[in-house]
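Now for the letters of each chain:
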Amino acid sequence: KMYPYNSKLFSSITTLLNLKRKINESQLKGYLQLDNIYDGSANPDRTYANNIDTAKVTYFKNFINTCQSAHVKVIVCVSPLYVKMLNNSKSIEIARGFCNDTHTPFFDYTKATGFDDRKLFSDYNHMNGTGATKFTDMFISNIRTILNQN
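Because the structure is a prediction, the values reported are computed rather than measured.

Colleague: So what exactly am I meant to see when it comes to unusual backbone geometry here?
Modeller: What you tend to see is this: most non-glycine residues have negative phi, and most peptide bonds are trans. Even without being glycine, histidine 71 reaches a positive phi, approximately 60°. The residue histidine 71 is located in the loop between α3 (54-69) and β1 (76-78) in this model. What makes histidine 71 exposed here is its relative accessible area of 75%. One non-glycine residue, histidine 103, lies in positive phi territory at about 55°. By the secondary structure assignment, histidine 103 is in the loop between α4 (90-101) and β2 (106-108). Residue class for histidine 103 comes out exposed when judged on its relative accessible area of 70%.

Colleague: Which parts of the structure should I look at to understand the side chain of threonine 102?
Modeller: One can find threonine 102 in the loop between α4 and β2. Among the residues examined, threonine 102 registers a relative accessible area of 17% and is labelled buried. One polar contact links threonine 102 to threonine 104, side chain to side chain, over a distance of 2.8 Å. When sequence neighbours within four positions are dropped, the list of residues in contact with threonine 102 reads Ile64, Asn65 and Gln68.

Colleague: Help me understand the environment of alanine 95 in this model?
Modeller: By the element assignment, alanine 95 lies in helix α4. Separated by 35 residues in the primary sequence, alanine 95 and phenylalanine 60 place their C-alpha atoms 8.2 Å from one another. Every residue in contact with alanine 95, bar those within four places of it in the chain, is listed here: Phe60 and Phe106.

Colleague: I would appreciate a short explanation of the nonpolar core in the present structure.
Modeller: In globular proteins that are soluble, nonpolar side chains generally tend to be buried together. Core analysis: the biggest nonpolar cluster contains 16 residues, and Tyr109, Phe115, Phe121, Phe135 and Phe139 have the highest contact counts within it. Per element, the largest residue contribution to this core is 4 residues, and it comes from helix α5 (residues 129-149). Once you skip the residues sitting within four places of it in the chain, phenylalanine 115 turns out to touch Pro80, Leu81, Tyr82, Leu120, Phe121, Met127, Gly131, Lys134, Phe135 and Met138.

Colleague: Just to check I follow, could you spell out the packing of aromatic side chains for this structure?
Modeller: Scanning the entire structure with this criterion turns up 10 aromatic pairs. When the centroid spacing of 6.1 Å and the interplanar angle of 90° are considered together, the rings of phenylalanine 107 and phenylalanine 139 count as edge-to-face. Of this pair, phenylalanine 107 sits in strand β2 while phenylalanine 139 sits in helix α5; the two residues are 32 residues apart in sequence, bridging distant segments of the chain. The burial state of phenylalanine 107 is the same as that of phenylalanine 139; both residues are buried. Members of the aromatic cluster, connected to one another through ring pairs, are Phe107, Tyr109, Phe115, Phe135 and Phe139.

Rules used throughout
Residues numbered from 1 in each chain as written. Predicted model: local features only at pLDDT ≥ 70, side-chain atom pairs only at ≥ 80, totals over all residues. Heavy atoms only, no water. Helix = DSSP H or I, 4+ residues; strand = E, 2+ residues; numbered from the N terminus. Buried < 20%, exposed > 50% of the residue type's maximum accessible area, 1.4 Å probe, protein only. Polar contact = N/O pair within 3.5 Å; in protein donor to acceptor, adjacent residues only side chain to side chain. Contact = heavy atoms within 4.5 Å. Core = buried A, V, L, I, M, F, W, Y, C linked by side-chain atoms within 4.5 Å. Phe/Tyr/Trp six-rings, centres within 6.5 Å; stacked < 30°, edge-to-face > 60°.

Right under this line is the structure:
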């Protein structure tokens, strides 16, 4: 099974609870496809804050440690963004460092080749259906590589 963790919990809940859209939960199956195409730039006015929530870091570490104690294979992934980032955010670096320390596979796709087309995104932070399909194919290939090594 896969545990899709997104630190944007409140925006996700807001989307799911949107009263304008009646969504049948049985149709979701863990994924709500976004069909629009992002019409903005790769340089949104909003800048990525590097304030780190230490509670989230602790939960992240505890989650990985708990899974590993139970012999559950964990793979951590940061999906593509339509944002020009000169440097990785502190949160990505913390996650990468902890994954390295715990020998947890870590994939950072924030600057992945082939994901610099706004037509693959619903907004600068979320892929649309076309982007999600393209990303899923790439990610599955990488997961297979990891699983075949063990």
